[in-house]
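# Observations on chain architecture
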Protein chains: 4
Amino acid sequence: MRSMASSASNRGIAAIVGVGPKLGRSIARKFAHEGYTVAILARDLGRLSRFADEIAREEKAQVFAIRIDCSDSRSVREAFEGVLSLGFVEVLVYNAYHPVSWHPTNFTDIRIDSFEKSLAVSSVGAFHCAQQVLPGMVERGRGTILFSGCSASLNGIAGYSELCCGKFALRALSQCLATEFQPLGVHVAHVIIDGVVGPPRGGTSSTSSQMRTMTSVGEQVQVSGAGGDVDRFMDPDALAQTYWQLHLQDRTAWTQEIDLRSSTPTRFF
Amino acid sequence: MRSMASSASNRGIAAIVGVGPKLGRSIARKFAHEGYTVAILARDLGRLSRFADEIAREEKAQVFAIRIDCSDSRSVREAFEGVLSLGFVEVLVYNAYHPVSWHPTNFTDIRIDSFEKSLAVSSVGAFHCAQQVLPGMVERGRGTILFSGCSASLNGIAGYSELCCGKFALRALSQCLATEFQPLGVHVAHVIIDGVVGPPRGGTSSTSSQMRTMTSVGEQVQVSGAGGDVDRFMDPDALAQTYWQLHLQDRTAWTQEIDLRSSTPTRFF
Amino acid sequence: MRSMASSASNRGIAAIVGVGPKLGRSIARKFAHEGYTVAILARDLGRLSRFADEIAREEKAQVFAIRIDCSDSRSVREAFEGVLSLGFVEVLVYNAYHPVSWHPTNFTDIRIDSFEKSLAVSSVGAFHCAQQVLPGMVERGRGTILFSGCSASLNGIAGYSELCCGKFALRALSQCLATEFQPLGVHVAHVIIDGVVGPPRGGTSSTSSQMRTMTSVGEQVQVSGAGGDVDRFMDPDALAQTYWQLHLQDRTAWTQEIDLRSSTPTRFF
Amino acid sequence: MRSMASSASNRGIAAIVGVGPKLGRSIARKFAHEGYTVAILARDLGRLSRFADEIAREEKAQVFAIRIDCSDSRSVREAFEGVLSLGFVEVLVYNAYHPVSWHPTNFTDIRIDSFEKSLAVSSVGAFHCAQQVLPGMVERGRGTILFSGCSASLNGIAGYSELCCGKFALRALSQCLATEFQPLGVHVAHVIIDGVVGPPRGGTSSTSSQMRTMTSVGEQVQVSGAGGDVDRFMDPDALAQTYWQLHLQDRTAWTQEIDLRSSTPTRFF
């Protein structure tokens with residue numbers, strides 16, 4: 001999709017915050033595949049380093065693993081000192097959430113520090129990461145910030161107040177930043193992932209699966225048409241494809257919000 | 001509207017959190033007028049005590065002023081020990097917000113501790129107050145929790161990320177609590193106040209103004225029909241009337257969300 | 001709630017369009033009870049006349065039954081010639097829908113004339129009725145128009161495209177009229193009734209049941225607190241109470257949209 | 001983006017309904033460019049034929065111009081007899097609207113037949129076109145239906161009830177069809193175009209401009225970064241790119257709704 005003529009020097013850094021084995025990893029791989037230097041950030045540095053090695057090797061790209069605890073503002077600041085030292089951060093994907101928040105809990109049993117931590121990861125962390133990269137984006141008049149939401153971003157759900165409050169707040173942040181920074185050249189979008197993300201269907205080598213999502217429609221449908229079950233989980237490589245396309249959008253036709261779900265969805269709630 | 005025959009012993013406490021000279025005071029006065037023992041809570045205990053005296057005198061009701069700092073969980077707990085010692089808290093109105101958040105700020109100039117504090121007041125405080133009163137409501141199978149939102153609860157606005165993130169999160173909380181607790185008999189509603197609240201139009205003696213909102217429609221319109229300007233600001237006594245009606249709703253016909261605005265609105269944003 | 005001093009001459013006509021045995025009848029009875037001359041309109045004139053007689057007798061009010069077919073613009077015009085001849089139409093409640101649209105149908109089996117008829121009743125009829133009464137309301141600078149929606153007003157549902165398209169369009173109409181006419185003194189609100197309306201719980205004599213919704217909260221809860229099943233259906237008298245309160249709202253605090261559902265809801269979909 | 005290896009025989013027909021000089025033409029050209037046989041439909045057959053010739057010549061594709069009046073069900077049926085005779089309709093884009101509805105009108109001045117016609121074009125026409133193509137899509141277990149909305153799909157606007165009612169209804173239709181047909185393999189999406197579409201920025205030869213939207217981000221921004229004014233209008237080729245990408249989405253990651261707007265928007269309202 002990118003012109004072969006574009007020199008790498010035009011490219012900045014893509015920073016992906018919240019990288020686990022599914023969506024974050026696929027997004028990182030996609031941007032690496034398209035020629036970006038990628039910084040991946042998460043709490044578990046050991047696992048993160050393995051992802052970085054794997055992506056660097058398979059995509060022949062520069063990938064940096066940097067530890068971050070999004071609930072700790074000092075950790076965010078230090079992590080982004082590292083990211084910003086790599087060059088201009090052209091893309092920020094914020095994909096972090098507080099794991100505990102995916103389990104339903106009686107409201108009166110939720111501990112206040114757990115609630116605070118969930119907000120800290122879902123929205124304060126996003127706020128803080130955005131603050132690190134926006135001055136550089138505004139200076140150059142370009143950049144892309146993509147926030148990952150879910151169905152809990154749109155509707156409150158019994159037993160999920162930790163998740164919902166954080167995700168509603170993140171959506172608010174996305175809208176505020178869009179209205180403030182889009183006229184300055186920074187594209188801000190909120191991606192609602194409505195369903196359960198599974199493993200990439202292409203297997204461990206995601207290059208091939210990524211290629212598959214970019215192949216002809218007729219062919220692709222023949223592959224997936226048979227399997228009912230295989231469609232119940234969202235393919236993270238297919239999701240990453242949409243993140244990439246959002247980044248590429250022309251500035252006269254920017255998306256602020258998009259939803260994504262399977263044709264035969266499985267849901268958490 | 002209430003039956004004269006209802007004995008005071010059926011009534012619990014109405015706790016109004018976030019009481020300033022406009023909306024909070026009018027809501028407190030309305031519930032006092034209708035026969036409730038009222039606890040009013042805010043940070044400025046001196047002003048709060050003057051409101052309590054005024055309402056107690058004018059409405060011949062019991063009104064308690066209790067200091068609270070909604071951004072401080074210890075303060076919330078201590079304040080509600082006081083409230084709960086008064087009796088069954090049948091009504092909770094959460095009306096608090098972080099004052100600084102009403103001024104627009106360049107996103108990159110917002111300090112992270114200010115952002116955190118805004119979330120703490122708008123949503124963590126609401127979470128914590130709700131936790132204090134819900135066990136009693138569930139035990140009795142009745143109760144009403146009303147959250148005050150605004151247009152920033154629905155749309156992100158450039159320069160207002162502190163306000164919007166907190167208010168989106170509060171709306172999420174309201175929806176989560178409604179889905180979890182309405183089947184248990186607790187009515188949870190979110191009131192979107194879309195505009196600028198002015199002083200009560202009835203003057204300092206709100207009894208008369210409150211009566212005015214309850215008078216016949218034809219008469220009322222003759223009073224306000226002339227003045228364009230007088231309608232630009234929302235009358236807090238009129239708003240309080242809607243809070244009261246939400247509390248009275250039959251349990252087969254409960255509102256989860258309602259908006260309120262002037263016929264000729266003035267807006268902050 | 002209304003002042004006893006208000007003379008009947010201040011009152012206009014309340015026109016209720018779409019009156020069956022549940023919601024429409026309860027709304028008509030409520031406005032009659034509060035002193036309005038009421039015009040009730042529906043297709044089945046025989047049944048309508050019995051409702052009119054019953055309400056007139058029980059509420060000691062003037063009630064007129066007028067036949068209307070909301071899908072037929074000539075019928076709407078003729079019906080409102082009748083309504084307008086009674087005096088100033090101060091209140092319009094639009095409650096009509098195409099009955100067939102409540103049954104799920106495979107999309108490809110829906111006949112185009114059925115789809116057109118559903119739109120004609122849900123939205124063209126509402127458009128046309130509003131046009132009949134708005135000039136008089138604008139001239140006097142006051143009036144209330146209330147549209148009845150449902151959960152199909154907010155979300156598309158498999159098998160219900162007839163209902164959803166009409167109800168989405170009706171919601172659009174409500175918003176357009178609110179933005180255009182509220183500054184001119186006409187209150188326009190959209191009421192989302194999210195659930196199944198049952199018979200009035202007060203029995204055939206709705207006066208008593210209406211009184212019950214207006215009694216003290218403590219007492220009311222004792223009555224309904226026991227019965228799970230009785231709360232699954234919405235009490236039309238309780239709904240009518242909210243329609244009435246919307247009409248009474250002060251013009252600095254008007255609702256544009258409100259939802260209503262049971263604490264333990266039963267849904268069609 | 002499409003694999004060169006995909007044979008034309010896998011491809012069906014792309015039918016674009018509502019083709020004027022901007023968005024419809026760009027979408028038709030994009031699908032032609034990607035190897036589809038394209039049917040373009042609109043009322044003005046003369047203009048349509050010129051577009052068909054131009055696209056066929058420039059994209060070396062088969063393009064058929066077929067007259068349709070979306071407000072007339074017989075015309076829709078006849079037009080689609082023509083379209084379906086070309087082969088399997090794999091893609092339907094519904095882009096038609098009633099031109100008069102883009103001018104603000106006092107509500108009481110809108111003629112009922114104009115209101116009906118607006119609904120007929122915006123939603124009945126869409127309903128009818130979808131009915132023509134869905135049986136074939138369901139039979140093959142694949143297909144894409146894309147509906148064009150605008151900001152009037154989301155909010156009622158004073159003076160625009162004709163437009164808003166039709167566009168709200170169209171959005172309802174889109175949601176109903178998605179819930180019913182996505183499990184059967186048909187992707188249904190609603191595209192909210194929030195702003196004024198201008199001419200393609202690439203000039204008359206849209207091949208080059210289309211290429212430009214697919215070029216590297218860095219380069220693209222240098223081109224458009226200077227001009228404030230040039231970004232006020234949406235580039236129809238950039239919009240068409242998103243329609244194309246929606247069609248290509250993997251069936252585990254389908255979008256139901258997406259918005260598109262300029263970084264520095266111009267709006268009608």
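Per chain, residues are indexed from 1 in the order of the written sequence. The naming scheme follows written order: chains are lettered A onward, ligands numbered 1 onward. The predicted origin of the model limits local features to residues at a pLDDT of at least 70 and limits the giving and counting of side-chain atom pairs to 80 or more, whereas totals for whole chains, interfaces and linings rest on all residues. In computing side-chain properties, one takes all heavy atoms of the structure into account and sets aside hydrogens as well as water.

### So, the overall build of chain A
Tallying secondary structure elements over chain A gives 8 helices and 7 strands in all. Per-residue accessibility, obtained with a 1.4 Å probe over protein chains only, is compared with the maximum for each type, and a residue is labelled buried under 20%, exposed over 50%, and partly exposed between these values. Classification of the 269 residues of chain A by burial places 67% in the buried group. With residues, only the protein chains shown are counted as cover, and all accessible areas are computed by Shrake-Rupley using a 1.4 Å probe. Here chain A has roughly 8900 Å² of accessible surface; of this, 51% comes from carbon and sulfur atoms. Secondary structure is summarised from DSSP: a helix means a run of H or I of at least four residues, a strand means a run of E of at least two, and numbering begins at the N terminus for each.

### Digging into helix H5 (residues 161-181) of chain B
A helix is expected to reach a length of 1.5 Å times the quantity of its residues less one. Over its 21 residues, H5(B) runs 30 Å from end to end, which matches the ideal 30 Å to within 8%, given 1.5 Å per residue. Along H5(B), 20 of the 21 residues are buried, which leaves the element largely enclosed by surrounding structure.

### Re the packing of aromatic side chains
In this scheme Phe, Tyr and Trp rings, the latter by its six-membered ring, pair at centre separations within 6.5 Å, and the angle between planes marks the pair as stacked below 30 degrees, edge-to-face above 60, and tilted otherwise. In total, this model carries 24 aromatic pairs over all chains according to the counting rule given. Taking the centre distance of 6.1 Å and the plane angle of 85° together, the rings of Phe181(A) and Phe107(B) count as edge-to-face. A residue pair is termed interchain when its members come from two chains, as with Phe181(A) in helix H5 (residues 161-181) and Phe107(B) in the loop between strand E4 (89-94) and helix H4 (112-140). In this structure Phe107(B) comes out as buried when scored by relative accessible area, which is 1%. For the pair Phe31(C) and Tyr36(C), a centre-to-centre distance of 5.7 Å together with 75° between the ring planes defines the contact as edge-to-face. Through a chain of ring-to-ring contacts, the aromatic side chains of Phe107(A), Phe115(A), Phe127(B) and Phe181(B) assemble into a single cluster.

### Examining the side chain of Ser75(A)
Checked against the element boundaries, Ser75(A) lands in helix H3 (residues 73-85). When checking whether two residues touch, look at their non-hydrogen atoms; a contact exists if any pair is within 4.5 Å. Beyond its immediate chain neighbours, meaning those up to four positions away, Ser75(A) contacts Arg67(A), Ile68(A) and Asp69(A).

### Quick notes on the pattern of salt bridges
We define a salt bridge as a contact between a side-chain nitrogen of Lys or Arg and a carboxyl oxygen of Asp or Glu at a distance within 4 Å. As enumerated under the stated definition, the model contains 44 salt bridges over all chains in all. Note that Arg25(B) is salt-bridged to Glu54(B), the shortest N-O span being 3.1 Å. In this pair, Arg25(B) is assigned in helix H1 (residues 23-33) and Glu54(B) in helix H2 (residues 45-59), connecting sequence segments 29 residues apart. Glu54(B) matches Arg25(B) in its accessibility class, with the two residues each being buried. A salt bridge links Lys30(C) to Glu34(C), with the shortest nitrogen-to-oxygen separation between them at 2.9 Å. Residue classification places Lys30(C) among the buried residues on the basis of a relative accessible area of 0%. The class of Glu34(C) is buried, set by a relative accessible area of 5%. What you see here is one network of salt bridges that share partners, running through Arg25(A), Arg29(A), Glu54(A) and Glu58(A).

### Topic: the pairing of strand E3 (residues 63-67) of chain B
All names here are of chain B. Sheet topology places strand E2 (residues 37-42) next to E3; 5 bridges connect them, and they run parallel. By the bridge assignment, Ala-42 is partnered in E3 with Arg-67. Tracing the backbone out of E2, into H2 and back to the parallel element E3 gives a crossover that is right-handed. A pair of strands is treated as paired once DSSP finds two or more bridges between them. With the strands aimed away from the viewer, a crossover counts as right-handed if its path from the first strand over the helix to the second runs clockwise.

### Focus on the environment of Leu248(C)
All names here are of chain C. Along the chain, the position of Leu-248 falls in helix H8 (residues 236-248). Under the relative-accessibility criterion, Leu-248 is labelled buried at 4%. Counting along the chain gives 61 residues from Leu-248 to His-187, while the straight-line C-alpha distance between them is 9.9 Å.

### Overview of the confidence of the model for chain A
All names here are of chain A. Per-residue confidence from the prediction method is given by pLDDT, with values spanning 0 to 100. Confidence along chain A averages 87 in pLDDT terms, with 83% of residues attaining 70 or more. Of the regions scoring below 50 in pLDDT, residues 1-8 engages in 16 contacts with residues more than four places distant in sequence or in other chains. Predicted confidence is poor over residues 204-227, with pLDDT under 50, and the contacts of this stretch with residues over four places away or in other chains come to 59 contacts. With pTM at 0.90, the complex prediction returns an ipTM value of 0.88.

### Comments concerning the packing of helix H4 (residues 112-140) of chain C against helix H5 (residues 161-181) of chain C
All names here are of chain C. The axes used here are C-alpha line fits, helices contributing only the stretch in contact, and every angle between their N-to-C directions lies in the interval 0 to 180 degrees. Running from N to C, H4 and H5 point in directions that differ by 15°, and their axes come no closer than 8 Å. Relative to H5, the element H4 lies roughly parallel. Considering the relative orientation of H4 and H5, their crossing is right-handed. Contact with H4, carried on its side by Ser-114, Phe-115, Ser-118, Leu-119, Ser-122, Ser-123, Ala-126, Phe-127, Ala-130, Leu-134 and Val-138, involves Ser-161, Glu-162, Leu-163, Cys-165, Gly-166, Lys-167, Ala-169, Leu-170, Leu-173, Leu-177 and Phe-181 of H5 and no other residues of that element. Oblique is the label for any angle not under 35 degrees, not over 145, and not in the 65 to 115 range, which are roughly parallel, roughly antiparallel and roughly perpendicular in turn. Crossings are classed by handedness, with left-handed meaning an anticlockwise turn of the near helix from the far one by less than a right angle and right-handed meaning a clockwise turn.

### Details of the pairing of strand E2 (residues 37-42) of chain D
When a strand is regular, its side chains alternate between the sheet's two faces. Residues and elements named next belong to chain D. In terms of burial, E2 is largely enclosed, as 6 of its 6 residues are buried. Residues Thr-37, Ala-39 and Leu-41 line one face of E2 and the alternating positions Val-38, Ile-40 and Ala-42 line the opposite face, and both faces are buried. The parallel pair strand E1 (residues 13-17) and E2, bridged by helix H1 (residues 23-33), forms a crossover whose chirality is right-handed.

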